[in-house]
Amino acid sequence: MKKWIAIIATLGLLGCFLYANQQWLHLTKYAITLKKLPKEMDGLKIVQISDLHHAEFGHEQSKLIEKVKNEKPDMIVITGDLVDRYHYDLDQSLEAVEGFVKIAPVYYVNGNHEVSLNDVPQITKLLKDIGVHVLENQTLSYYRNGAVIDIIGIDDPLNGKETAQMLNEALVGTDTETFRLLLAHRPEYYQDYVNAGIDLTFNGHAHGGQIRIPGIGGLVDHQMNLFPTHIEGIERQDQLTQVISRGLGNSRVNLRLFNPPEIVVATLHSEK
């Protein structure tokens, strides 16, 4: 009898541990000092949401929305894979976005899952209808305290266009002296971002390595690559600072280990 009690207790603890790894929303906070950022933008707070896929956090995404709301962001950026090609539920994902637009301006770029679903026009329309700034290889100006920065967004290259080509399209008519903030799903194209004169990017895609080993890092990504690189945290190359989210959800491999769903909160500071 004691043996069975021990087995049941162990399985129960294991179940709780696995559930927590999928559902415990973790806030990762960065304070980032940037050379070109106008002093009027000092203290700009950005919340990044990435790779939601088909994850659900509370009724109608209430837990996720409340976490974001409590941070009082100046803007919210969504860096792709808002939906999942294997468990497609756009309404569930839109519940989160409908909550976000009530908190702060929301900017969005698509990921590989949106493209692979061949439903980008419908997703884009519905997002625009609820007030999201959808960036499709284009640039929008963001004003604060009389200063301006450029917010640039590019599509996922699964659409058939090279990253450099999409950046060229998006940057037509922009001023190289203006601070450039890029939203792009994939971090591995960082050299293209450097070449385009980008100052700061927000990316996702690799889910932080999906399964992480404490003290070592990501073991395998969602495409089953061992010890993947460019999967989380802050990376710097030349003038570029790159913020990479571990994301919120899963795809195909419906398991995160030592890798809780992540909401990124970045507060920007000017050197000026």
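This is a predicted model, so every value here is computed, not measured.

It is not clear to me how the packing of helix 2 (residues 62-70) against helix 3 (residues 90-100) should be interpreted in this structure. Could you clarify?
For any two helices packed against each other, the geometry is given by the interaxial angle and the distance between the axes. Put simply, helix 2 and helix 3 touch, their axes get as near as 9 Å, and they point 25° apart. Classed by the angle they form, the pair helix 2 and helix 3 counts as roughly parallel. Relative to helix 3, the crossing made by helix 2 is right-handed. Contacts between helix 2 and helix 3 involve Leu64, Ile65 and Val68 from the first element and Glu95, Ala96, Gly99 and Phe100 from the second. When its residues are assigned to classes, the contact of helix 2 with helix 3 shows five nonpolar, one polar and one charged.

What's the story with helix 2 in this structure? I'm lost.
Side chains that are three or four residues apart share a direction in an α-helix, a result of its 3.6 residues per turn. Where helix 2 is concerned, the buried positions are Leu64, Ile65 and Val68. Along the long axis of helix 2, the arc covered by the buried residues comes to 95°, so they all point the same way.

How do you make sense of the side chain of Ser245 when you look at a structure like this?
Counting through the fold element by element, Ser245 comes out in the loop between strand 13 (240-244) and strand 14 (262-270). Exposure remark for Ser245: the relative accessible area of 0% places this residue in the buried category. Within the structure, Ser245 has its side chain in polar contact with the backbone nitrogen of Gly247 (distance 2.9 Å). The contacts of Ser245, once residues within four sequence positions are left out, are Gln48, Ser50, Asn203, Gly204, Ile231, Glu262 and Val264.

For this particular structure, what's the right way to read the packing of helix 3 against helix 5 (residues 120-129)?
Two elements in contact, helix 3 and helix 5, have axes whose closest approach is 11 Å; the angle formed by their N-to-C orientations is 30°. In terms of orientation, helix 3 and helix 5 fall into the roughly parallel class. Remark: the crossing between helix 3 and helix 5 carries right-handed chirality. Contacts between helix 3 and helix 5 pair Leu90, Leu94 and Val97 from the former with Ile123, Leu126 and Leu127 from the latter. Here the contact of helix 3 with helix 5 is built from residues that sort into six nonpolar, no polar and no charged.

I tried to follow the side chain of Asn203 on my own but got confused; where do I start?
With respect to the helices and strands, the residue Asn203 is situated in strand 9 (residues 200-203). Residue classification places Asn203 among the buried positions, given a relative accessible area of 0%. Within polar-contact distance, the side chain of Asn203 engages the side chain of Thr201 at 2.9 Å. In this view, Asn203 contacts Gln48, Ser50, Thr79, Ala184, His185, Arg186, Pro187, Tyr193, Gln242, Val243, Ile244 and Ser245; residues no more than four positions away in its chain are not counted.

Sorry if this is basic, but what is going on with helix 6 (residues 163-171) here?
Along helix 6, the positions that sit buried rather than exposed are Thr163, Met166, Leu167, Ala170 and Leu171. In an axial view of helix 6, the angular spread of the buried residues amounts to 125°, which keeps them on one side of the axis. Buried residues in helix 6 make contact with strand 6 (138-144), strand 7 (147-153), strand 8 (180-183) and helix 7 (190-195). In the segment just after helix 6, Gly173 is the residue with positive phi, at about 85°.

Explanation requested: a negative patch on the surface in the structure shown.
A cluster of acidic residues, Glu56, Glu60, Asp89, Asp91 and Glu98, forms a negative patch at the surface. Mapping Glu98 onto the fold places it in helix 3. Exposure remark for Glu98: the relative accessible area of 38% places this residue in the partly exposed category.

What counts as what
- Counting from 1, residues in each chain are numbered in the order their sequence is written.
- Residue-level local features of this predicted model are given only where pLDDT is at least 70; pairs of side-chain atoms are given and counted only at 80 or more, and the full residue set underlies all totals for whole chains, interfaces and linings.
- The side-chain values count all of the structure's non-hydrogen atoms but skip hydrogen atoms and water molecules.
- Angles run from 0 to 180 degrees between N-to-C directions of axes, and those axes are lines fitted to C-alpha atoms, restricted for helices to the stretch in contact.
- Strands are runs of DSSP state E lasting at least 2 residues, helices are runs of H or I lasting at least 4, and numbering of each runs from the N terminus.
- Comment on the angle field: the value is read as roughly parallel under 35 degrees, roughly antiparallel over 145, roughly perpendicular from 65 to 115, and oblique elsewhere.
- Crossing handedness is defined as follows: a turn of the near helix away from the far one that is anticlockwise and smaller than a right angle gives a left-handed crossing, while the clockwise case is right-handed.
- Any two residues whose heavy atoms approach within 4.5 Å are treated as being in contact.
- In this classification, the charged set is Asp, Glu, Lys and Arg, the nonpolar set is Ala, Val, Leu, Ile, Met, Phe, Trp, Tyr, Cys and Pro, and all remaining amino acids, among them Gly, are polar.
- A simple rule labels every residue: compare its accessible area, found with a 1.4 Å probe on the protein chains alone, to the largest value its type can have, and call it buried under 20%, exposed over 50%, or partly exposed in between.
- Relevant arc is that of directions from the helix axis to the C-beta atoms, nothing else.
- Any N or O atom pair separated by 3.5 Å or less is treated as a polar contact, with the protein-specific requirement of one donor-capable and one acceptor-capable atom, and with residues adjacent in sequence counted only for side-chain atom pairs.
- In this scheme, patches are assembled from residues that exceed 30% relative accessible area and form no salt bridge. Like charges are connected within 9 Å, while nonpolar side chains (Val, Leu, Ile, Met, Phe, Trp, Tyr) are connected within 5 Å.
- Where accessible areas are quoted, they stem from the Shrake-Rupley method and a 1.4 Å probe; at the residue level, only the protein chains shown are allowed to cover.
- Between Lys or Arg on one side and Asp or Glu on the other, a salt bridge is scored when a side-chain nitrogen of the former is within 4 Å of a carboxyl oxygen of the latter.
- Residues scored as charged are limited to Lys and Arg (positive) and Asp and Glu (negative), so that His and the chain ends carry no count.
- For this purpose, a charge sits on NZ of Lys, CZ of Arg, CG of Asp or CD of Glu.

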